[in-house]
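A structural walkthrough
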Amino acid sequence: MFTRYFRKKDPLSKAQNVEWVEMSGKEYYQFVTDPTNAGRHFVDMGDVVLEATENEMREYISEKNHNYYLQAQEEGWITLSFYSVVDQNGCSGEEVAVDETQDVEEEAIAIIEHKALRDALLRLDTTDQQMIYDLYLAVNRKTERDLADKCGLSQVAIHKQKKKILDNLKFLVIKLQKSQQ
């Protein structure tokens, strides 16, 4: 197999309008050693050598060096499937590998608490649900003073009502959590 050499007919042409001129190895050598072609760059891809911009040449070399680096890092390593390893109890690697980033127990408790809270909120009357929504869940949450102005009550009255609702919610959540366990 022999190497093919290509240069751009017009080095300033845009990528979509490039016309290529094929050269022999001797013509290529003469072309690159000619001082008038000093600013022209070529990428050697093994069986083809193409003229490229300086940036394209740098990117190609960088990518090639990166690939060499990755190959060097892989030497001495092998890829092994979790399924191919079986311990003395007959468990595969996937079954015995521990993911320390997950706490299954904590996630299960959070799910139970979330469900209990959602169920408890649904058991509140609509006025209490609206207050909790306005104070805690709305995108544009309201302050106690905002709700007091809206309802024509004092801020202290809204605070007492909120505390009563939260105590009731806490009681309902605990009751629902116990029933789910």
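How each quantity is defined
Residues numbered from 1 in each chain as written. Predicted model: local features only at pLDDT ≥ 70, side-chain atom pairs only at ≥ 80, totals over all residues. Heavy atoms only, no water. Axes fitted to C-alpha atoms, helices over the stretch in contact; angles between N-to-C directions. Helix = DSSP H or I, 4+ residues; strand = E, 2+ residues; numbered from the N terminus. Parallel < 35°, antiparallel > 145°, perpendicular 65-115°, else oblique. Contact = heavy atoms within 4.5 Å. Nonpolar A, V, L, I, M, F, W, Y, C, P; charged D, E, K, R; others polar. Core = buried A, V, L, I, M, F, W, Y, C linked by side-chain atoms within 4.5 Å. Buried < 20%, exposed > 50% of the residue type's maximum accessible area, 1.4 Å probe, protein only. Patch = residues over 30% accessible without salt bridge, like charges linked within 9 Å, V, L, I, M, F, W, Y side chains within 5 Å. Areas by Shrake-Rupley, 256 points an atom, 1.4 Å probe, with all protein chains shown as cover. Salt bridge = Lys/Arg side-chain N within 4 Å of Asp/Glu carboxyl O. Lys, Arg positive; Asp, Glu negative; His and termini not counted. Charge placed at Lys NZ, Arg CZ, Asp CG, Glu CD. Pairing = 2+ DSSP bridges. Expected span 1.5 Å × (residues − 1). Phe/Tyr/Trp six-rings, centres within 6.5 Å; stacked < 30°, edge-to-face > 60°. 1 Å grid on protein atoms, 1.4 Å probe; cavity = no way out; pocket = protein on both sides within 12 Å on 5 of 7 lines; lining within 4 Å. Points joined across faces, edges and corners; volume = space filled by probe spheres on them.

Contact geometry for helix α4 (residues 104–123) and helix α5 (residues 126–137): axes closest at 9 Å, N-to-C directions at 135°. One way to sum up the angle between α4 and α5 is to call them oblique. Note on element contacts: α5 touches α4 through Q129, I132 and L137, opposite L121, L122 and R123. Taken together, the residues of the contact of α4 with α5 sort by class into four nonpolar, one polar and one charged.

So, on to the nonpolar core. Note on soluble globular proteins: their nonpolar side chains tend to be buried together. Among the nonpolar cores identified, the biggest contains 14 residues, and A120, L124 and M131 are the most heavily contacted of them. Mapped by element, the contributors of at least two residues to this core are α4, α5, α6 (144–151) and α7 (155–180). With six residues, α7 is the single largest residue contributor to this core. In contact with M131, not counting residues within four places along its chain, are L147, I158, Q161, K162 and I165. Formed by six residues, the second largest nonpolar core is a distinct cluster that contains Y28, F31, F42 and V49.

With that out of the way, let us pick up a negative patch on the surface. Negative charge collects at one region of the surface, where D103, E105, E106 and E107 lie side by side. Tracing the chain through its elements places E105 in helix α4. Overall, the relative accessible area of 60% leaves E105 in the exposed class.

Pairing is mixed across the open sheet formed by four strands, whose spatial order is β2-β1-β4-β3. Each having just a single partner strand, β2 (20–23) and β3 (41–44) make up the two edges of the open sheet. The average angle at which neighbouring strand axes cross in this sheet is 25°, direction not considered. Two strands pair when backbone bridges link them, and strand β1 (residues 4–8) and β2 are joined in this way by four bridges, in the antiparallel orientation.

So, on to helix α2 (residues 54–74). The end-to-end C-alpha separation of α2 is 30 Å, in line with the 30 Å expected for 21 residues at 1.5 Å each. Where α2 ends, the next residue or the one after it, G76, has phi of about 90°, a positive value.

With that settled, consider the packing of aromatic side chains. Under the criterion given, the structure shown has three aromatic pairs. Aromatic pair Y5 and Y28: ring centres 4.6 Å apart, planes at 20°, arrangement stacked. You can see Y5 sitting in strand β1 and its partner Y28 sitting in helix α1 (residues 25–33), a full 23 residues away along the chain. Each of the two residues, Y5 as well as Y28, counts as buried. Their ring planes at 90° and their centres at 6.0 Å tell us that F31 and F42 sit as a pair that is edge-to-face. Of the two residues, F31 is situated in helix α1 and F42 in strand β3; the sequence distance between them amounts to 11 residues. Since its relative accessible area comes to 14%, F42 is described here as buried. Within the aromatic cluster, the residues linked to one another by ring pairs are Y5, Y28, F31 and F42.

Taken as a whole, the largest pocket holds about 190 Å³ of empty space. The wall of the largest pocket is formed by 15 residues, among which K8, W20, E51, A52 and E56 lie closest to the centre. Broken down by element, the residue count for the lining of the largest pocket peaks at three residues, all from strand β4 (residues 48–52). When the residues that make up the lining of the largest pocket are grouped by side-chain class, the tally is nine nonpolar, two polar and four charged.

A grouping of Y133, Y136, L137 and L166 is seen on the molecular surface, where their side chains present a nonpolar patch of about 370 Å² in accessible area. With three residues, the top contributor of residues to the nonpolar patch is α5. Tracing the chain through its elements places L137 in helix α5. A relative accessible area of 53% means that L137 is categorised as exposed.

By themselves these figures say nothing about function.
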